[in-house]
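# Survey of secondary and tertiary structure
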Amino acid sequence: MALLPILSYPDPRLHTVAKPVAVVDERIRALAADMLETMYDAKGVGLAATQVNVHERMLVLDVSEERNQPQVLINPELVWASEDRVKNEEGCLSVPGIFDGVERPARVKVQALNEQGESITIEADGLLSICIQHEMDHLMGKVFVEYLSVLKRMRIKSKLLKAQRELER
Ligand code: GNR
Ligand code: NI
């Protein structure tokens, strides 16, 4: 097990489109374990492989209060999204300290493989729905700040670059 470094916006590698996982093997299971460890350590509810600079379609999440219900989704595909949309405050481990409202479909149905390589279907609403959509965006190279206005995004970019420069000094 190992903690993996998380890329920070505006790192261009966050815009890489992930490739499907070809085989669910020990390498993928080890990566899932490291991603879960990294997500729990960072106190996140989800983590996409893109954020740890691995450009394969997999994500981990745990939206439980007790932090004891890890889920691993490999090659997730959106099967259905509800017409009705909801706006929620989002944050991102790759955009530290920034929170803003994002509107998304309220409910989604997603098909994926689990760690055993078995096909699973998840019908999600609430935080699980938001989190799955947020993580699937990462796998497409999309960060939540791209839903905000150009002006907000510019301000977020400068703020994070400044913080990163100060850490390097
Ligand atoms: O920890 C996280 N919390 C969160 C809150 C609202 C909407 C989405 C998220 S996901 C985020 C972890 C993360 O950055 N995953 O990519
Ligand atoms: Ni994120």
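Residues numbered from 1 in each chain as written. Chains lettered and ligands numbered in written order. Predicted model: local features only at pLDDT ≥ 70, side-chain atom pairs only at ≥ 80, totals over all residues. Heavy atoms only, no water.

## Concerning the site of ligand 1
In the region of ligand 1, 13 residues are neighbours, and Val45, Gln51, Leu93, Glu135 and His138 sit closest. Interatomic distance of 2.8 Å between a side-chain N/O atom of Gln51 and an oxygen atom of ligand 1. Considering ligand 1 on its own, with 380 Å² of exposed area, one finds that the protein chains cover 88% of that surface. More than half of the atoms belonging to ligand 1 lie within 2 Å of the grid points that define the largest pocket. Per-element tally for the shell around ligand 1: the top contributor is helix H2 (residues 126-139), with four residues. (Near = heavy atom within 4 Å. Polar contact = N/O pair within 3.5 Å; in protein donor to acceptor, adjacent residues only side chain to side chain. Areas by Shrake-Rupley, 256 points an atom, 1.4 Å probe, with all protein chains shown as cover. 1 Å grid on protein atoms, 1.4 Å probe; cavity = no way out; pocket = protein on both sides within 12 Å on 5 of 7 lines; lining within 4 Å. Sits in = over half its atoms within 2 Å of the grid points. Helix = DSSP H or I, 4+ residues; strand = E, 2+ residues; numbered from the N terminus.)

## Section: the coordination of the nickel ion (ligand 2)
Protein-derived ligands of the nickel ion (ligand 2) are Cys92 (SG), His134 (NE2) and His138 (NE2), with the metal-ligand distances lying across 2.1 to 2.3 Å. On the primary sequence, the residues serving as donors to the nickel ion (ligand 2) are separated as C-x41-H-x3-H. Taken as a pair, Cys92 in the loop between strand S4 (85-90) and strand S5 (100-105) and His138 in helix H2 lie far apart in primary sequence, 46 residues in all. Residue classification places Cys92 among the buried residues on the basis of a relative accessible area of 10%. (Donors = N, O, S within 2.8 Å, 3.2 Å for Na, K, Ca; no water. Buried < 20%, exposed > 50% of the residue type's maximum accessible area, 1.4 Å probe, protein only.)

## A look at the layout of surface pockets
The space that makes up the largest pocket amounts to roughly 350 Å³. Lining the largest pocket are 21 residues; nearest its centre among them are Val45, Glu90, Gly91, Cys92 and His134. For the lining of the largest pocket, the secondary structure elements donating two or more residues are S4 and H2. A per-element tally of the lining of the largest pocket places H2 first, with five residues. Here the lining of the largest pocket is built from residues that sort into ten nonpolar, seven polar and four charged. Around the second largest pocket, the lining comprises 13 residues; the ones closest to its centre are Leu78, Arg104, Gln133, Met136 and Asp137. Every element with two or more residues in the lining of the second largest pocket is listed here: strand S3 (71-81), S5 and H2. Among the residues making up the lining of the second largest pocket, the classes are represented as six nonpolar, one polar and six charged. (Points joined across faces, edges and corners; volume = space filled by probe spheres on them. Nonpolar A, V, L, I, M, F, W, Y, C, P; charged D, E, K, R; others polar.)

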